[in-house]
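Here is what each chain is made of, one letter per residue.
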Amino acid sequence: MHFLRRNDVCVSFIKPTLHLFNHSILAVQEDDTDVTKFIKEKTVDYLNEKYEDAPTHGLLDMDLDPRFKLRYEKAPLAVMPAGDAAGGALKKKKARGSFFKVIEGTASQPAPLQLDQAIAFELNSYLQTVPLDSEEDPLEWWKGSQELYPRLSKLAKKYFCIPATNASPERDFSTGGSIVTCLRSSLKLDNVNRPVLLAKNLKAGAGDRL
C-alpha cells in the first residue's frame, strides 16, 4: 500500500487545480496569439476529458478536504435535513396491533437516530463548518475532529491516502524492483516492504534538509 507523506499532493487537489487551469492560468485572453490560444484550449480539453468519467467524478466529489469543501462543485451538494436521510424510502406500513404496543421504560426517551439519519446529521454538520484555511494541514484538522465526525474521519483516512498522480507510487515500484530480482524472487512481503519504506523515508529526510 502506498502511504502519502505530509508534503505529498493528495487527490483533493485535483479539482481546485483544474478550476485554476480553466479559469485563470490557461484561460484564453484577448491578446493571446492564435498559437497560444490553441495550446491553452487543447491542454484544458485534455485535462477536463481525463477526469470526466463517472467513477473519477464520484471520487473527486467526496469533499473530504476541509479546505475546499463545496467550493469547486459544478452542482453543489445539497445539505440534507437529518429527517430526510432515508432518501425518500417508503415507510413500513404498521399493523393495527402496533398502535396498542407500548415499550416499557422508553416512553419518555427520544428515539435513537437510525444509521442513515446519523450519517446525514454528521455530513450536514461537517459541510456547515467554516472551511479551513488553504495553507493549513487537513490531516491535523481531521485528527482533531475525529470525535465530532467519527464516520467521516474513517473515510477521510482512506481518501487522503490517494495520491494526485502516480509518480510517487511508480518510484516505490521502481525501488521494489531493484530489491526483488531473479536471484531474490522468494522474498517475503515484509522483507520487501521494509527496505522500500526505509529508502523512501531516507529520500524524504534528505529532501527536507536541502
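Attention here is on the structure that accompanies the text.

Rules used throughout
Residues numbered from 1 in each chain as written. Predicted model: local features only at pLDDT ≥ 70, side-chain atom pairs only at ≥ 80, totals over all residues. Heavy atoms only, no water. Helix = DSSP H or I, 4+ residues; strand = E, 2+ residues; numbered from the N terminus. Buried < 20%, exposed > 50% of the residue type's maximum accessible area, 1.4 Å probe, protein only. Contact = heavy atoms within 4.5 Å. Areas by Shrake-Rupley, 256 points an atom, 1.4 Å probe, with all protein chains shown as cover. Patch = residues over 30% accessible without salt bridge, like charges linked within 9 Å, V, L, I, M, F, W, Y side chains within 5 Å. Salt bridge = Lys/Arg side-chain N within 4 Å of Asp/Glu carboxyl O. Lys, Arg positive; Asp, Glu negative; His and termini not counted. Charge placed at Lys NZ, Arg CZ, Asp CG, Glu CD. Core = buried A, V, L, I, M, F, W, Y, C linked by side-chain atoms within 4.5 Å.

Let's shift gears to the overall build of the protein chain. For the protein chain, the helix and strand inventory stands at eight helices and zero strands. Listing every helix and strand of the protein chain by position from the N terminus yields α-α-α-α-α-α-α-α. When burial is assessed residue by residue, the protein chain has 26% of its 210 residues classed as buried. Across the protein chain, contacts joining residues at least 24 apart in sequence account for 71% of those joining residues at least 6 apart. On the protein chain, roughly 16,000 Å² of surface is accessible, and the fraction owed to carbon and sulfur atoms is 59%.

To continue, consider a negative patch on the surface. A cluster of like negative charges, contributed by Glu-41, Asp-45, Glu-49, Glu-52 and Asp-53, occupies part of the molecular surface. With respect to the helices, strands and loops of the structure, Asp-45 is situated in helix 2 (residues 34–50). Its relative accessible area of 47% is what places Asp-45 among the partly exposed residues.

Residues Ile-14, Tyr-126 and Trp-142 are the most contacted members of the largest nonpolar core, which totals 19 residues. Counting residues per element, the ones that place at least two in this core are helix 1 (14–25), helix 4 (115–127), helix 5 (138–145) and helix 6 (150–159). Element by element, the count of residues in this core is highest for helix 6, at three residues. Setting aside its immediate chain neighbours within four residues, Ile-14 contacts Tyr-51, Leu-60 and Ala-164.

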